[in-house]
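Coordinates in review
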Amino acid sequence: MKKFIYLMAMVCTLGFFTACSSDDDNDEKEFVRNEKIEGTWGLQEVEKIELDGGKGEFYNGSVKITWDCPANTKLNIDFGGGLVMPMDVKDQILPLMNNLANEYLPQILKNVTFTKDGKINATYSELPDEGETSDWKTAEGYASYTVDGDKLIYVNIDADKATEDIDDAEEKAQIKGILQKYNKIPVNIRWNGTKPYFFVDKAFVQPMIANLVAMLEKVPIKDMDADDLQSFNMLKGIMGQLPEIMNKTTTFELGLELIK
């Protein structure tokens with residue numbers, strides 16, 4: 001169960017750059033280039049900022065998240081045993097998401113390369129154990145993109161290649177189903193000087209959350225031990241609240257601001 005949750009998180013977080021062959025394999029149209037994004041882009045160095053008044057710390061890096069919703073919008077986290085903690089989306093959940101992403105992403109993603117013929121390659125690692133260093137590998141042949149103007153690309157997912165190393169048949173089918181459903185991801189581009197910000201927005205994320213909620217309802221729980229069941233129920237409880245919160249959300253952006 002823990003591996004399933006980890007893989008789902010990886011799909012949601014790294015879905016921008018986990019893809020397959022270009023659409024121009026299916027027709028004879030010439031590939032449209034966006035020369036500004038071509039080349040190898042890396043993550044920004046993470047800066048740890050201590051907040052005033054002893055309010056904790058903030059990790060400033062390549063991961064940039066915007067989540068605008070009404071003040072005092074709460075997400076109730078059920079820790080089990082009757083302990084439910086309401087957390088404010090803007091003041092608590094958003095900084096937590098940002099900090100975790102910027103703390104851990106540099107350990108699993110080093111750089112991303114956009115080739116001039118529409119392929120996406122990446123240097124990546126599995127999350128290392130505490131005290132260990134990342135074991136960097138190159139991912140080629142998993143990703144491609146097509147260009148739709150200066151501010152939008154579509155990333156396509158090859159579910160077969162992305163899941164070919166998963167041995168568990170049930171797990172493979174679950175992850176493959178997610179990848180097949182989201183095999184053409186609209187990724188927006190906005191520039192901050194020379195730094196491109198690649199992001200997905202509410203229009204993409206909102207229906208994806210609704211589908212993941214429905215999928216969680218079908219996950220079998222009879223073979224889970226107590227710890228796995230508690231983790232699953234926490235995840236399910238969080239996901240179940242998100243559709244209503246997204247209905248009230250005015251702006252949601254999740255993405256990476258990269259550098260050369």
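Please refer to the structure higher up on the page.
Residues numbered from 1 in each chain as written. Predicted model: local features only at pLDDT ≥ 70, side-chain atom pairs only at ≥ 80, totals over all residues. Heavy atoms only, no water.

1. Details of the sheet that holds strand E4 (residues 63–68)
Read from one edge to the other, the open sheet built from nine strands follows the order E1-E7-E8-E9-E10-E11-E12-E13-E4, with strand pairing classed as antiparallel. Among the strands making up the open sheet, the edge pair consists of strand E1 (39–42) and E4. Between one strand axis and the next, the sheet turns through 30° on average, direction left out of account. Sheet topology note: the E4/strand E13 (residues 251–257) ladder contains six bridges and is antiparallel. From the neighbouring strand, threonine 66 faces E13, where its bridge partner is glutamate 253. Contacts from helix H2 (residues 89–108) reach E4, strand E7 (109–114), strand E8 (119–124) and E13 within the one sheet, and its direction differs from that of E4 by about 165°. (Pairing = 2+ DSSP bridges. Helix = DSSP H or I, 4+ residues; strand = E, 2+ residues; numbered from the N terminus. Axes fitted to C-alpha atoms, helices over the stretch in contact; angles between N-to-C directions. Contact = heavy atoms within 4.5 Å.)

2. Things to note about a nonpolar patch on the surface
On the surface, a nonpolar cluster with roughly 340 Å² of combined accessible area is contributed by Leu96, Leu100, Tyr104 and Leu127. Secondary-structure assignment places leucine 96 in helix H2. Of the residues examined, leucine 96 reaches a relative accessible area of 42% and is grouped as partly exposed. (Patch = residues over 30% accessible without salt bridge, like charges linked within 9 Å, V, L, I, M, F, W, Y side chains within 5 Å. Areas by Shrake-Rupley, 256 points an atom, 1.4 Å probe, with all protein chains shown as cover. Salt bridge = Lys/Arg side-chain N within 4 Å of Asp/Glu carboxyl O. Buried < 20%, exposed > 50% of the residue type's maximum accessible area, 1.4 Å probe, protein only.)

3. Brief notes about H2
At asparagine 102, H2 shows its strongest bend, of approximately 25°, with the proline proline 106 following within four residues. Listing the buried residues of H2 in full gives Val89, Ile93, Leu94, Asn98, Asn99, Ala101, Asn102, Leu105 and Ile108. For H2, the N-terminal capping position is held by aspartate 88, with its side-chain oxygen 3.1 Å away from the main-chain nitrogen of lysine 90. (Bend = angle between axes of the 7 residues up to and from the residue. Polar contact = N/O pair within 3.5 Å; in protein donor to acceptor, adjacent residues only side chain to side chain.)

4. So, the packing of helix H5 (residues 202–216) against helix H6 (residues 226–248)
In the contact formed by H5 and H6, the axes pass within 9 Å of each other and the chain directions differ by 140°. Looking at the two axes, H5 sits oblique to H6. Remark: the crossing between H5 and H6 carries left-handed chirality. Contact residues: H5 offers Lys202, Val205, Gln206, Ile209, Leu212, Val213 and Leu216, while H6 offers Phe232, Leu235, Lys236, Met239, Gly240, Leu242, Pro243, Met246 and Asn247. Among the residues making up the contact of H5 with H6, the classes are represented as eleven nonpolar, three polar and two charged. (Parallel < 35°, antiparallel > 145°, perpendicular 65-115°, else oblique. Left-handed = near helix turned anticlockwise from the far one by under 90°. Nonpolar A, V, L, I, M, F, W, Y, C, P; charged D, E, K, R; others polar.)

5. Comments concerning helix H4 (residues 169–181)
Helix length check: H4, at 13 residues, gives a terminal C-alpha distance of 18 Å against a target of 18 Å (1.5 Å per residue), a fit within 8%. Listed as buried for H4 are Glu171, Ile175, Ile178 and Leu179. Projected down its long axis, H4 carries its buried residues within an arc of 95°, all on one side. For H4, exposure combined with an orientation more than 90 degrees from the buried face picks out Ala169 and Lys181. (Expected span 1.5 Å × (residues − 1). Arc of directions from axis to C-beta.)

6. A few points about the nonpolar core
Within the largest apolar cluster, 56 residues are counted, with the highest numbers of intra-cluster contacts made by Trp67, Phe114, Tyr145, Ile153, Ile185 and Phe198. The element that contributes the greatest number of residues to this core is H5, accounting for seven residues. (Core = buried A, V, L, I, M, F, W, Y, C linked by side-chain atoms within 4.5 Å.)

7. Focus on the pairing of strand E12 (residues 195–201)
Here is the key point about a regular strand: its side chains alternate between the two faces of the sheet. Here E12 lies mainly inside the structure; five of its seven residues are buried. By the bridge criterion, five bridges tie strand E11 (residues 184–192) to E12 in an arrangement that is antiparallel. Residue pairing across strands places asparagine 188 opposite phenylalanine 199, the latter belonging to E12. Here E11 folds back onto E12, and the loop between the two strands holds two residues, one of which, glycine 193, carries a positive phi near 65°. Pairing geometry for E12 and E13, over five bridges, is antiparallel. Each residue of the ladder has a partner; that of valine 200, found in E13, is leucine 254.

8. Points about the pairing of strand E6 (residues 83–88)
Pairing of strand E5 (residues 74–80) with E6, which is carried by six bridges, proceeds in the antiparallel orientation. Of the residues in E6, the one forming a bridge with aspartate 78 is valine 84. Taken together, E5 and the strand that follows it, E6, pair antiparallel across an intervening segment of two residues, in which glycine 81 is found at a positive phi of about 65°.

9. Description of the pattern of salt bridges
Per the counting criterion, the structure on display carries ten salt bridges. With a closest N to O distance of 2.7 Å, glutamate 38 and arginine 33 form a salt bridge. Of the residues examined, arginine 33 reaches a relative accessible area of 40% and is grouped as partly exposed. When the shortest N-O distance is used, the salt bridge between glutamate 57 and lysine 48 registers 3.4 Å. By relative accessible area, lysine 48 is classed as partly exposed at 48%.

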